[in-house]
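A look at the structure
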Amino acid sequence: ESSAAGAAAVLEEGAAGPDPGAAVTPDLLASAIDAASALTAHGCLDDLSLQLGGGDGGDGDGPVLVKRAVNLLVESVCRADLPSSPRTELSALKFLLTAGCRVASPGDGAGEGADAPSSGGPMLRGSHLLQAVRVCSTVCLNTESESNRTTARAAL
């Protein structure tokens, strides 16, 4: 759980732009995306949902949003500054292909909700799948790396 949240935090920081206190380098961003890809590939995120907001212990201090970890990571990758390096682009393509091609393992129903797929369904659906396709097409059209262009074209 903490690995997925930590990777999402690094990706969000990269998406928000460099912070004067802590700069996110392209190598750090690529490493965070690689970690998210490995977690997804090994099924660690299949039934994992994260609670966002609500204060400590859900005291009602604010609205509580429950999101699937893989969806949060896809949103973060899609908002990250990918053209920063070919390695970052390749890591993002790898993660999006891993998440897009993976079928969630049938679970016990924990973490089910409006954001969760049916048991054994595809991990990416709807707007998250559209965001992944959009990133692949952007990389295909704008990258300077021929291997990344070929990978993005194959993914599409």
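Residues numbered from 1 in each chain as written. Predicted model: local features only at pLDDT ≥ 70, side-chain atom pairs only at ≥ 80, totals over all residues. Heavy atoms only, no water.

1. Brief notes about the overall build of the chain
- The secondary structure content of the chain amounts to six helices and two strands.
- Burial statistics for the chain: of 156 residues in total, 37% are counted as buried.
- Taking as baseline every contact in the chain between residues at least 6 positions apart, the subset at least 24 positions apart corresponds to 57%. (Helix = DSSP H or I, 4+ residues; strand = E, 2+ residues; numbered from the N terminus. Buried < 20%, exposed > 50% of the residue type's maximum accessible area, 1.4 Å probe, protein only. Contact = heavy atoms within 4.5 Å.)

2. Describing helix α4 (residues 86-101)
- Taking 1.5 Å of rise per residue, 16 residues should cover 22 Å, and α4 covers 22 Å from first to last C-alpha, within 8% of that figure.
- For α4, the full list of buried residues reads T88, E89, S91, A92, L93, F95, L96, T98 and A99.
- On its buried face, α4 is in contact with α2 (26-41), α3 (69-79), α5 (126-142) and α6 (146-155). (Expected span 1.5 Å × (residues − 1).)

3. Brief notes about the packing of α4 against α5
- With their axes 10 Å apart at the nearest point, α4 and α5 run at an angle of 145° to one another. Considering only the axes of α4 and α5, their crossing is left-handed. Residues E89, L93 and L96 of α4 form the contact with α5, whose participating residues are A132, V135, C136 and V139.
- The residue inventory of the contact of α4 with α5, partitioned by class, reads six nonpolar, no polar and one charged. (Axes fitted to C-alpha atoms, helices over the stretch in contact; angles between N-to-C directions. Left-handed = near helix turned anticlockwise from the far one by under 90°. Nonpolar A, V, L, I, M, F, W, Y, C, P; charged D, E, K, R; others polar.)

4. A word on α6
- Residues of α6 that are buried: N148, R149 and A152. Take α6 and look down its axis: the buried residues cluster within an arc of 100°, on one side only.
- Next to the buried residues of α6 lie α4 and α5. (Arc of directions from axis to C-beta.)

5. Considerations on the nonpolar core
- Counting 29 residues, the largest nonpolar core has I33, F95 and L96 as the members making the most contacts within it.
- Going through the elements one at a time, α2, α3, α4 and α5 are the ones with two or more residues in this core.
- Looking at this core element by element, the count peaks at six residues for α3.
- Among all residues touching F95, those that are not within four sequence positions of it are I33, A36, S37, T40, V70, L73, V74 and V77. (Core = buried A, V, L, I, M, F, W, Y, C linked by side-chain atoms within 4.5 Å.)

6. Quick look at the confidence of the model for the chain
- Looking at the chain, the pLDDT average stands at 79 and 71% of residues meet or exceed 70.
- Per-element confidence in the chain is highest for α6, whose mean pLDDT is 93, and lowest for helix α1 (residues 2-16), whose mean pLDDT is 59. (pLDDT = per-residue confidence, 0-100.)

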